[in-house]
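Fold and contact review
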Amino acid sequence: MSAARALFAVVTALHKARLEKGLTLEAVASRVGVTAQALDQWERRQVMPKLENFFGWARALGMTFKVTSGDEK
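So, here is what we can say about the structure in this document.

So, how was this worked out
In this numbering scheme, every chain counts its residues from 1 along its sequence in written order. Owing to the predicted nature of the model, reporting of local features is limited to residues with pLDDT of at least 70; listing and counting of side-chain atom pairs is limited to 80 or more, with chain, interface and lining totals taken over all residues. The side-chain numbers reported here are obtained from all heavy atoms of the structure, hydrogens and water having been left aside. Runs of H or I in DSSP of at least four residues are treated as helices and runs of E of at least two as strands, each being numbered from the N terminus. A 1.4 Å probe rolled over the protein chains alone gives each residue an accessible area, and that area as a share of the maximum for its type sets the label: buried under 20%, exposed over 50%, partly exposed in between. The contact criterion used throughout is that any non-hydrogen atoms of two residues lie within 4.5 Å. Note on patches: the residues involved have over 30% relative accessible area and no salt bridge, like charges join within 9 Å, and the nonpolar side chains Val, Leu, Ile, Met, Phe, Trp and Tyr join within 5 Å. For the accessible areas, the method is Shrake-Rupley and the probe is 1.4 Å, while residue cover comes only from the protein chains on display. Here a salt bridge means any side-chain nitrogen of Lys or Arg lying within 4 Å of a carboxyl oxygen belonging to Asp or Glu. Throughout this description, the term nonpolar core refers to a set of buried Ala, Val, Leu, Ile, Met, Phe, Trp, Tyr and Cys residues connected via side-chain atoms within 4.5 Å. Think of it as the arc spanned by the lines of direction from the helix axis to the C-beta atoms.

**Examining the overall build of the protein chain**
Across its full length, the protein chain carries four helices and zero strands. Each helix (α) and strand (β) of the protein chain, taken in turn from the N terminus, gives the series α-α-α-α. Residues counted as buried form 30% of the 73 residues belonging to the protein chain. Considering only contacts within the protein chain whose residues lie at least 6 apart along the sequence, 51% involve residues at least 24 apart.

Shown next, in the form of structure tokens:
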């Protein structure tokens, strides 16, 4: 899987988790320390967040993810 596809998969999972938890853009964005507009742009894949924001976004939803080189079998 390409890096871009992997990032899109993470974005999709985070967006889905926010909706499943019934959280608003504003609620999650405030936990991450960004604006709701920024989070909305991430979820719509208009802008990719910085790596540290991916981790903050996941933490805000009670999730984690692992970054690997892709060489693992």
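This is not the end of the story, as more comes after the structure.
**Here's the deal with a nonpolar patch on the surface**
On the surface, Leu7, Phe8 and Met48 cluster together to form a nonpolar patch covering roughly 220 Å² of accessible area. Relative to the helices and strands, leucine 7 resides in helix H1 (residues 3-20). The partly exposed category is assigned to leucine 7, whose relative accessible area is 33%.

**Re the nonpolar core**
Formed by 16 residues in total, the largest nonpolar core has its most connected members in Leu14, Val28, Val32, Leu39, Phe54, Trp57 and Leu61. Discounting chain neighbours no more than four positions away, the residues touching valine 28 are Arg18, Leu23, Leu39, Trp57, Ala60 and Leu61.

**A closer look at helix H3 (residues 36-43)**
Note on helix geometry: an α-helix contains 3.6 residues per turn, so any two residues three or four positions apart are oriented the same way. All buried positions along H3 are accounted for by Ala38, Leu39, Trp42 and Glu43. Seen from one end, H3 has its buried residues packed into an arc of 135 degrees, which puts them on one side. Of the surrounding elements, those touching the buried residues of H3 are H1, helix H2 (25-32) and helix H4 (51-60). Arginine 45 sits one or two residues past H3 and shows a positive phi near 60 degrees.

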